[in-house]
Amino acid sequence: MTNLTRRQSLALLGAAAAAPMIPAPAFAGTKLKVGALRFTSHAASFVAFERGYFADEGLDVEFEFFQAAQPMAVAIASGDVDYAVTAISGGLISLAEKGAAKVIGGALSEEEGIDGQKILASVAAFDAGLTSPAMLDGKSYGITQPGSSFHYMGSKIAAKEGVKVSFKPLNKVGAIIGALKSGQIDAWSIVPHIAKGLAGAGKVKIIGNVSDYIPNYQVTTVFTSANNAANERAKTEAFLRAFSKGADDFNAALVDKTAGDEAATEMVNLIHKYVYADKPIEKAEKSIRNGAMRINAGAALNKASVMDQLDWFKSEGMIKDSVTYETLVDDSYVKTIM
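Analysis parameters
Residues numbered from 1 in each chain as written. Predicted model: local features only at pLDDT ≥ 70, side-chain atom pairs only at ≥ 80, totals over all residues. Heavy atoms only, no water. Pairing = 2+ DSSP bridges. Helix = DSSP H or I, 4+ residues; strand = E, 2+ residues; numbered from the N terminus. Right-handed = clockwise from strand over helix to strand, strands pointing away. Buried < 20%, exposed > 50% of the residue type's maximum accessible area, 1.4 Å probe, protein only. Arc of directions from axis to C-beta. Contact = heavy atoms within 4.5 Å. Axes fitted to C-alpha atoms, helices over the stretch in contact; angles between N-to-C directions.

### Section: the pairing of strand β8 (residues 166–169)
Note: strand β7 (residues 140–143) against β8, four bridges, orientation parallel. Counterpart to Ser-140 in the pairing with β8 is Ser-166. Once you follow β7 into helix α7 (residues 149–161) and on to β8, the crossover reads as right-handed.

As structure tokens, then:
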């Protein structure tokens, strides 16, 4: 037992009183549902959860998983999900126009020098001559829904090559994969962890890179309800801080590879809890590493890319000409890239 004199006791009490108070998180115990796909591209959210960055902000996060972008946008608008990461879709823009949703930051991006999304052909189509995007004329192209990111990518690729394709809506990524493997559709484009895995197994052929057709493409964005964006600023900032820390860890481990081999292995193991979780790590690891595209630091948003996407939706008659960048985006939370 340690015996303290009265003077020593008073000294300790004085020191304690002088020490700065460590505040509890402003949102201690606040429950949030975060929408995600089981893709490596959603790793920032997974890392923020697993490493306690959300908890550090007082956010009690639960994931809600989806298989396409548009249902996630509907879930945000209905209040079933609080924050989410996915591509800009016609459904998201429509909900923003109705005052129900807002993009508040950027996530996955195509970046020169980093292997990104791939353009794929079925084996049957490849053997019949579809060996490059220039040969897409008259071919079928898989999409989840009209107005999805797959629709945008396919249309931009076709326009640049001066060809026409027929778009086949199949609702879910899994259905598109099945159709491509069986030759029911001719082509598709998708993130590298899926593309390289399919190609490596001999199920499809890689015939090009999306970045050659859409440089600096803001592939996915962070979005929330219009109410959260306008009236829950502190909570939204807390979410973005935690998300951004997750992105920094992911980029350092698997994109820039500055964190070292041990950190990269640890990151792969963390992501494996969510991506290819049904496969042993020995089979999943290569695909997870192959999916390491840049997630924007600080959730910065590529404004030029978002505006290009809006222009495409207008050119296709999917949204009104009156829809503006400000209709869709509240960029007061993050830096913008032009």
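### Some points on the pairing of strand β6 (residues 118–122)
With five of its five residues buried, β6 lies for the most part within the structure. What you see with β6 is no split at all: Lys-118, Leu-120 and Ser-122 on one side and Ile-119 and Ala-121 on the other are buried throughout. Both β6 and strand β9 (residues 187–190) contribute to a ladder of four bridges, which runs antiparallel. Bridge pairing links Ala-121 to Ala-187 in β9. Here β6 pairs with strand β10 (residues 204–209) via five bridges, running antiparallel.

### Focus: helix α8 (residues 173–182)
Each full turn of the α-helix corresponds to 3.6 residues, which orients residues three or four apart in the same direction. Every buried residue of α8 is accounted for by Val-173, Ile-176, Ile-177, Ala-179 and Leu-180. Here the buried residues of α8 occupy an arc of 165° about the axis, which is enough to place them on one side. Elements that come into contact with the buried residues of α8 comprise β6, β7, α7, β9, α9 (192–200) and β10. Gly-183 sits one or two residues past α8 and shows a positive phi near 80°.

### Details of the sheet that holds strand β4 (residues 101–106)
Strand pairing within a sheet occurs via backbone hydrogen bonds; the two strands may be parallel or antiparallel. Spatially, five strands are ordered β2-β1-β3-β11-β4 in an open sheet, and the strand pairing comes out mixed. Since the sheet does not close on itself, it has two edges, and those belong to β2 (59–65) and β4, each with one partner. Each strand of the sheet is rotated relative to its neighbour by a mean of 25°, with strand direction disregarded. With four bridges joining them, strand β3 (residues 83–86) and strand β11 (residues 221–225) adopt antiparallel strand pairing. Each residue of the ladder has a partner; that of Val-85, found in β11, is Val-222.

### Notes on unusual backbone geometry
Backbone geometry places Asn-171, a non-glycine residue, at a positive phi of 70°. Along the chain, Asn-171 turns up in the loop between β8 and α8. By relative accessible area, which is 49% here, Asn-171 ends up partly exposed.

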